[in-house]
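One-letter residues, chain by chain:
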Amino acid sequence: MKKKIEKAKPSQKILTTAFECLSTKGYANVSMRDIANEAGVALSHLTYYYKNKEGLFTEVINMMMHQYLHEIEDSLKSAASTKEKIASLVRYFKELIRDKPNLLRLFIDFTAQALWLPSFGEQVDSLFNNLAEIIDKNILADTKICKGLQEYSSKSIARLILGALYGVSIQIMLGSDKESTFESLNLAESLLN
């Protein structure tokens, strides 16, 4: 990965380095100087491309959003039946927790920052809307999963599913007994089927 970063365009190298720094240290623990040092560029070089911390981190959020949306959509498209799609979505969250915890931490971190920074808020809200739309389009459309919930829109149900999986994922990340709390994700899967 380091060699790829070194060969990248300066702006992409900075962005990738910022993503790595943020996903391992968190928003509050990373400065523009830290990123410049890690990327091997002068601080002025970094501000030339991204103006300020908020501008750089806005681009990191865009990069993270693209990754999440692409991975989840691919995961859902690879499954044939509704049951397989639900299992695939739950499996995605499990794999995120086990294999890419830094990406999930970054998502959680940016969600918290979005409460205070309007530009982050718009982006994270857009990410949640897009994820709910993917769930709606790929799982809820033309299924009986909404049986007994006809008074609610499929978009609202998609938001509930996303919120449950995201919320349980946060609890698993915070918990000391991760394996037993994974049971909650399994419960979400069985309730949806």
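All values reported here derive from a predicted model rather than from experimental measurement.

### Some details on the overall build of the protein chain
- Assigned secondary structure in the protein chain consists of 10 helices and 0 strands.
- Written out in order from the N terminus, the α and β elements of the protein chain read α-α-α-α-α-α-α-α-α-α.
- Buried positions account for 45% of the 193 residues belonging to the protein chain.
- For the protein chain, the exposed surface amounts to about 10700 Å²; the carbon and sulfur share of it is 53%.

### Topic: the nonpolar core
- By size, the foremost hydrophobic cluster in this structure holds 62 residues, and its most contacted members are L56, M64 and F110.
- In this structure, M64 is in contact with F19, L103, L106, F107, F110 and L127, ignoring residues within four places of it in sequence.

### Description of helix α7 (residues 101–114)
- The terminal C-alpha atoms of α7, which comprises 14 residues, lie 20 Å apart, in line with the 20 Å expected from a rise of 1.5 Å per residue.
- Along α7, the residues classified as buried are L103, L104, L106, F107, D109, F110, T111, Q113 and A114.
- Along its buried surface, α7 packs onto α2 (10–25), α5 (53–77), α6 (82–99), α8 (118–140) and α9 (154–174).

### Notes on α5
- Between its first and last C-alpha atoms α5 spans 36 Å; for 25 residues at 1.5 Å apiece the expected length is 36 Å, and the two agree.
- Where α5 begins, one side-chain oxygen reaches toward the backbone nitrogen of E54, 3.2 Å away; that side chain belongs to N52.

### Observations regarding the packing of α7 against α9
- Direction vectors running N to C along α7 and α9 enclose 115 degrees, while the axes themselves pass 11 Å from each other. If you check the angle between α7 and α9, you find them roughly perpendicular. For the pair α7 and α9, the crossing hand works out as left-handed. Side by side, α7 and α9 meet where P101, L104, R105, F107, I108 and T111 of the first sit next to Y166, S169, I170 and M173 of the second.

### Some details on the pattern of salt bridges
- The tally for this structure, following the rule as stated, stands at 2 salt bridges.
- A salt bridge links E71 to K100, with the shortest nitrogen-to-oxygen separation between them at 2.6 Å. Residue E71 is found in helix α5, and its partner K100 is found in the loop between α6 and α7; the two are separated by 29 residues along the sequence.
- Classification of K100 by relative accessible area gives partly exposed; the value is 35%.
- The partner of K137 in a salt bridge is E73, and the shortest N-O contact between them spans 3.0 Å. Taken together, the residues K137 in helix α8 and E73 in helix α5 connect sequence positions 64 residues apart.

### Thoughts on the environment of L127
- Inspection of the secondary structure puts L127 in helix α8.
- According to the relative accessible area criterion, L127 is buried, its value standing at 0%.
- Spatially, the C-alpha atoms of L127 and H66 are 8.9 Å apart, while their sequence positions differ by 61 residues.
- Those residues within four positions of L127 in sequence are excluded, and the remaining contacts are M64, M65, Y68, L69 and F107.

### Observations concerning the environment of L96
- Structurally, the position occupied by L96 is in helix α6.
- For the pair L96 and S169, spaced 73 residues apart in sequence, the C-alpha separation works out to 8.9 Å.
- Among all residues touching L96, those that are not within four sequence positions of it are Y68, P101, L103 and L104.

Reading guide: rules and limits
Residues numbered from 1 in each chain as written. Predicted model: local features only at pLDDT ≥ 70, side-chain atom pairs only at ≥ 80, totals over all residues. Heavy atoms only, no water. Helix = DSSP H or I, 4+ residues; strand = E, 2+ residues; numbered from the N terminus. Buried < 20%, exposed > 50% of the residue type's maximum accessible area, 1.4 Å probe, protein only. Areas by Shrake-Rupley, 256 points an atom, 1.4 Å probe, with all protein chains shown as cover. Core = buried A, V, L, I, M, F, W, Y, C linked by side-chain atoms within 4.5 Å. Contact = heavy atoms within 4.5 Å. Expected span 1.5 Å × (residues − 1). Polar contact = N/O pair within 3.5 Å; in protein donor to acceptor, adjacent residues only side chain to side chain. Axes fitted to C-alpha atoms, helices over the stretch in contact; angles between N-to-C directions. Parallel < 35°, antiparallel > 145°, perpendicular 65-115°, else oblique. Left-handed = near helix turned anticlockwise from the far one by under 90°. Salt bridge = Lys/Arg side-chain N within 4 Å of Asp/Glu carboxyl O.

Distances and angles like these do not, on their own, reveal function.
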